[in-house]
Amino acid sequence: MARRRWGARPREGRALADRPAPLPGCTPADQIRRLTCALCGREAKGFGYVHGLRLGVHPKLSFCSMRCCDAGSALARRRGGVIDKTPMEERAIKEARRPLAEVLIELNLMAPFHDRNAAEIDRIIEACVDGFQASMRRQAAERDPLDDPLPF
């Protein structure tokens, strides 16, 4: 007679669902937040941080790599559990103005942007980056984690 582990059910009694059931009390926005990196917007790979280990008070932040997890947790510690636009991100947006201007000149589209101030150009850059990250979040939400290949 074969030994059975406690609580194990026979395989023929199990039926796999096409999609896993959503977590109770979890909105689609929460599910997307769990599937994308809180720092760079890429697909989250299972690295996480909860400020002060107080899950009911602070949100769980998911990250794509240990590098993002270390940087994101350091930001959250400095800012009391919240990740906002950092000075590095503000500087990156400012430094992206020149490449944007070069592309606009190449495509002969500089005339409509010539009289715009820096804040308006920054809004355009942020909109492009936000659109890119939103697309990454949507793609991560559409992906079924059960379709991933098994590591061997």
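So, a few notes on the structure that sits alongside this text.

**Describing the packing of helix α3 (residues 87-95) against helix α4 (residues 97-106)**
The description of two packed helices rests on the angle between their axes and on the distance between the axes. In the contact formed by α3 and α4, the axes pass within 4 Å of each other and the chain directions differ by 25°. By the angle between their axes, α3 is roughly parallel relative to α4. From α3, Ile93, Lys94 and Glu95 reach across to α4, where they touch Arg97, Arg98 and Pro99. Residue composition of the contact of α3 with α4, by class: 2 nonpolar, no polar and 4 charged.

**So, the nonpolar core**
Among the nonpolar cores identified, the biggest contains 8 residues, and these are Cys37, Tyr49, Leu61, Phe63, Cys64, Cys68, Cys69 and Ala76. Mapped by element, the contributors of at least two residues to this core are β2 (60-63) and α2 (66-78). For this core, the leading source of residues is α2, giving 3 residues.

**What about the pattern of salt bridges?**
Summed over the entire model, instances satisfying the criterion amount to 4 salt bridges. For Lys45, the salt bridge identified is with Glu43, shortest N-O distance 4.0 Å. Taking the relative accessible area as the measure of exposure, Glu43 reaches 25% and is therefore partly exposed. We note a salt bridge from Glu95 to Arg91, for which the minimum N-O separation is 2.8 Å. Here Glu95 pairs with Arg91, and both are found in helix α3, just 4 residues apart, close to one helical turn. Taking relative accessible area as the criterion, Glu95 reaches 48% and is therefore assigned partly exposed. When its relative accessible area of 56% is taken as the criterion, Arg91 is described as exposed.

Calculation rules
- Per chain, residue numbering runs from 1 following the sequence as it is written.
- Under the rules for a predicted model, residues below a pLDDT of 70 receive no local features and side-chain atom pairs below 80 are neither given nor counted, while totals for whole chains, interfaces and linings still include all residues.
- Heavy atoms throughout the structure, all of them, feed into the side-chain values; hydrogens and water do not.
- Orientation is described by lines fitted to C-alpha atoms, with helices fitted over the stretch in contact, and by angles between N-to-C directions that extend from 0 to 180 degrees.
- A run of H or I in DSSP counts as a helix once it spans at least four residues, and a run of E counts as a strand once it spans at least two, with each numbered from the N terminus.
- Any angle that is under 35 degrees is reported as roughly parallel, and any over 145 degrees as roughly antiparallel; angles of 65 to 115 degrees are reported as roughly perpendicular and all others as oblique.
- We call two residues in contact when some of their heavy atoms are within 4.5 Å.
- Side-chain classes follow a simple rule in which Ala, Val, Leu, Ile, Met, Phe, Trp, Tyr, Cys and Pro form the nonpolar group, Asp, Glu, Lys and Arg form the charged group, and the remainder, Gly included, forms the polar group.
- Here the nonpolar core consists of buried residues drawn from Ala, Val, Leu, Ile, Met, Phe, Trp, Tyr and Cys, with membership extended through side-chain atoms lying within 4.5 Å.
- The buried label goes to any residue with under 20% of its type's maximum accessible area, the exposed label to any with over 50%, and the partly exposed label to all in between, with areas taken from a 1.4 Å probe on protein chains only.
- A pairing counts as a salt bridge when a side-chain nitrogen of Lys or Arg comes within 4 Å of a carboxyl oxygen of Asp or Glu.

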